[in-house]
Amino acid sequence: MSCHTFLTSATERNGTVVRPRTQTENVDVARIALPLVALILVLTLGACSNGGDSDAPHHIRWGAYLPDLKGSDVDSDAGVVGVTTLADRPLDLILTFSGLREPVPNADLARIAETGAVPIVSIEPWNPSGGVNQSDYRLSRIANGAFDSDLRRWARGLKDFGRPVIVRFAHEMNGDWYPWGMHVNGNTPQSYIDAWRHVRSILTSIDPHNISMVWAPMAAISGIPGFDAVYPGDGEVDYLGIDGYNWGNDDKHGWASPGFIFSDAFVSLRRLGDKPILVTEVASADDPDPTRKATWIHDFVSLVSREAGVDGFVWFQANKERDWRFNSNPQSENAFRSALDAVPAT
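Description of the structure in this document. (Residues numbered from 1 in each chain as written. Predicted model: local features only at pLDDT ≥ 70, side-chain atom pairs only at ≥ 80, totals over all residues. Heavy atoms only, no water.)

**What about the overall build of the protein chain?**
Helices and strands together make up the secondary structure of the protein chain, namely 10 helices and 10 strands. Within the protein chain, counting contacts between residues at least 6 apart in sequence, those at least 24 apart form 76% of the total. (Helix = DSSP H or I, 4+ residues; strand = E, 2+ residues; numbered from the N terminus. Contact = heavy atoms within 4.5 Å.)

**Thoughts on the layout of surface pockets**
By volume, the largest pocket amounts to about 720 Å³. Broken down by element, the residue count for the lining of the largest pocket peaks at three residues, all from strand β8 (residues 239–246). Across the lining of the largest pocket, the residue classes break down as 14 nonpolar, seven polar and six charged. (1 Å grid on protein atoms, 1.4 Å probe; cavity = no way out; pocket = protein on both sides within 12 Å on 5 of 7 lines; lining within 4 Å. Points joined across faces, edges and corners; volume = space filled by probe spheres on them. Nonpolar A, V, L, I, M, F, W, Y, C, P; charged D, E, K, R; others polar.)

**Remarks on the environment of leucine 109**
With respect to the element layout, leucine 109 can be found in helix α4 (residues 106–114). C-alpha of leucine 109 to C-alpha of phenylalanine 161: the two residues are 52 residues apart in sequence and 7.4 Å apart in space. Not counting chain neighbours up to four residues away, the residues in contact with leucine 109 comprise Pro119, Val121, Leu158 and Phe161.

**Considerations on helix α9 (residues 290–304)**
An ideal rise of 1.5 Å per residue puts 21 Å on 15 residues; α9 measures up with 22 Å between its terminal C-alpha atoms. Residues Lys293, Ala294, Trp296, Ile297, Phe300, Val301, Leu303 and Val304 constitute the buried set of α9. Where α9 is buried, its residues meet β8, α8 (258–272), β9 (277–284), β10 (310–316) and α10 (330–341). (Expected span 1.5 Å × (residues − 1). Buried < 20%, exposed > 50% of the residue type's maximum accessible area, 1.4 Å probe, protein only.)

**Section: unusual backbone geometry**
Positive phi, close to 50 degrees, is recorded for alanine 170, a residue that is not glycine. Tracing the chain through its elements places alanine 170 in the loop between β6 (165–169) and α7 (189–203). A relative accessible area of 0% places alanine 170 in the buried class. For serine 222, which is not glycine, the phi torsion reads 50 degrees and is therefore positive. Note on placement: serine 222 falls in the loop between β7 (211–215) and β8. Given a relative accessible area of 66%, serine 222 falls into the exposed group.

**A short note on the pairing of β10**
Along any regular strand the residues' side chains alternate between the sheet's two faces. In terms of residue burial, β10 counts as a mostly covered element, since six of its seven residues are buried. As defined by bridge partners, strand β3 (residues 61–65) adjoins β10 across five bridges and the pair is classed as parallel. Within β10, the position partnered with alanine 64 by the bridge is tryptophan 315. The pairing of β9 with β10 spans four bridges and is parallel. Within the sheet, the bridge partner assigned to isoleucine 277 lies in β10 and is valine 310. (Pairing = 2+ DSSP bridges.)

**As for the sheet that holds β8**
Within the closed barrel, the eight strands sit side by side as β3-β4-β5-β6-β7-β8-β9-β10. Their pairing is parallel. Adjacent strand axes in the sheet meet at a mean angle of 30 degrees, parallel and antiparallel pairs treated alike. Looking at chain direction, β8 and β9 are connected through seven bridges and run parallel. Bridge pairing links tyrosine 245 to alanine 283 in β9. (Axes fitted to C-alpha atoms, helices over the stretch in contact; angles between N-to-C directions.)

**Some thoughts on the packing of α8 against α9**
It is at 10 Å that the axes of α8 and α9 come closest, and there the two elements cross at 15 degrees. Considered as vectors, α8 and α9 are oriented roughly parallel to each other. Pair α8 / α9 crosses with right-handed handedness. Where α8 abuts α9, its residues Pro258, Gly259, Ile261, Phe262, Ser263 and Phe266 lie against Trp296, Asp299, Phe300, Leu303 and Val304. Split by residue class, the contact of α8 with α9 holds eight nonpolar, two polar and one charged. (Parallel < 35°, antiparallel > 145°, perpendicular 65-115°, else oblique. Left-handed = near helix turned anticlockwise from the far one by under 90°.)

**Side note on the pairing of strand β4 (residues 93–99)**
In terms of burial, β4 is a largely internal element, six of the seven residues being buried. Looking at chain direction, β3 and β4 are connected through three bridges and run parallel. Bridging across to β4, glycine 63 finds its partner in leucine 93. As paired elements, β4 and strand β5 (residues 118–124) share seven bridges and run parallel to each other. The residue bridging serine 98 from the neighbouring strand is isoleucine 123, located in β5.

**Remarks on the pattern of salt bridges**
The final tally for this structure, using the stated rule, is 16 salt bridges. The closest approach of N and O atoms between aspartate 77 and arginine 325, which form a salt bridge, is 2.5 Å. One end of the pair, aspartate 77, is in the loop between β3 and α3 (80–87); the other, arginine 325, is in the loop between β10 and α10, with 248 residues separating them in the sequence. You'll find aspartate 77 and arginine 325 in the same group, each marked buried. Here aspartate 150 and arginine 153 are joined by a salt bridge, their closest N and O atoms 2.9 Å apart. Of this pair, aspartate 150 and arginine 153 both sit in helix α6 (residues 148–161), three residues apart, roughly one helical turn. A residue is classified by how much of its surface remains accessible, and aspartate 150, at 7% relative accessible area, is buried. Through salt bridges with shared partners, one network takes in Asp77, Asp323 and Arg325. (Salt bridge = Lys/Arg side-chain N within 4 Å of Asp/Glu carboxyl O.)

Written out as structure tokens, the structure is:
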């Protein structure tokens with residue numbers, strides 16, 4: 001029942017308007033009913049205000065994917081020092097990518113930790129140069145132990161790192177652009193769940209205390225399938241993640257607001273489980289009108305800082321398919337800095 005329906009039903013029952021009482025009846029009933037009505041209104045209004053967002057922003061962590069993790073040039077927009085300076089706020093999270101069969105990047109993880117940020121390591125089960133059709137990496141093979149030696153190597157390496165790390169395994173699995181997609185290479189939603197649970201069991205078998213795992217589908221917009229069917233379960237994840245991009249206007253895409261991309265996704269994630277939410281990849285394309293991206297950035301930060309359960313976001317700070325950088329023009333850079341400044345620091 002909605003809040004409006006509840007309040008309306010105080011004067012209507014079963015479609016019939018309740019008749020007025022006589023003056024004597026009103027006096028007697030008021031002594032009993034008014035305190036009760038007041039209590040019901042307080043409880044109801046409290047419930048109505050307990051939705052997905054609130055008027056006041058709450059603290060959120062912010063992070064970035066940085067193409068030049070080692071860069072220390074204050075004028076660079078691809079390294080820690082430069083991006084921190086541009087945003088005028090220290091990074092809380094830094095996203096990295098590694099192939100499953102690649103070495104554990106402990107030097108990079110240590111470098112991230114030294115900045116005060118927590119690394120998010122995307123472990124990708126594929127050959128990065130091999131494209132989508134890689135049957136060697138189909139999910140059933142992962143679940144059946146074909147890569148257990150690599151997974152144990154990752155478990156030992158992350159234990160040796162010894163500091164908090166968030167592992168993002170096989171992200172955006174509801175899409176069709178990676179070999180681990182739920183409907184490519186013979187994969188199914190169940191084989192994804194089986195693979196996830198197998199990976200988690202090994203990564204946390206040696207020393208689970210410093211390892212958290214974020215499950216991160218892509219926002220289900222513009223024909224991208226939903227993600228409920230590939231959720232591994234509350235006991236198998238530590239964070240609920242979501243990725244989403246505004247690709248701007250072209251032959252395939254239209255300008256997409258933050259609300260269009262993320263609002264329904266947040267509702268779906270909260271329905272799946274009671275875990276903190278991280279936007280693990282987000283960015284916006286530019287527009288001929290530079291104020292449009294600036295407005296998008298403002299609206300996005302405002303949205304996530306008011307959404308219940310959202311713990312933080314990671315900006316994709318790269319000039320790749322689009323110029324995703326928050327400082328791609330002076331207006332968007334100023335908007336990003338101002339938006340973060342409006343969010344409580346703690």
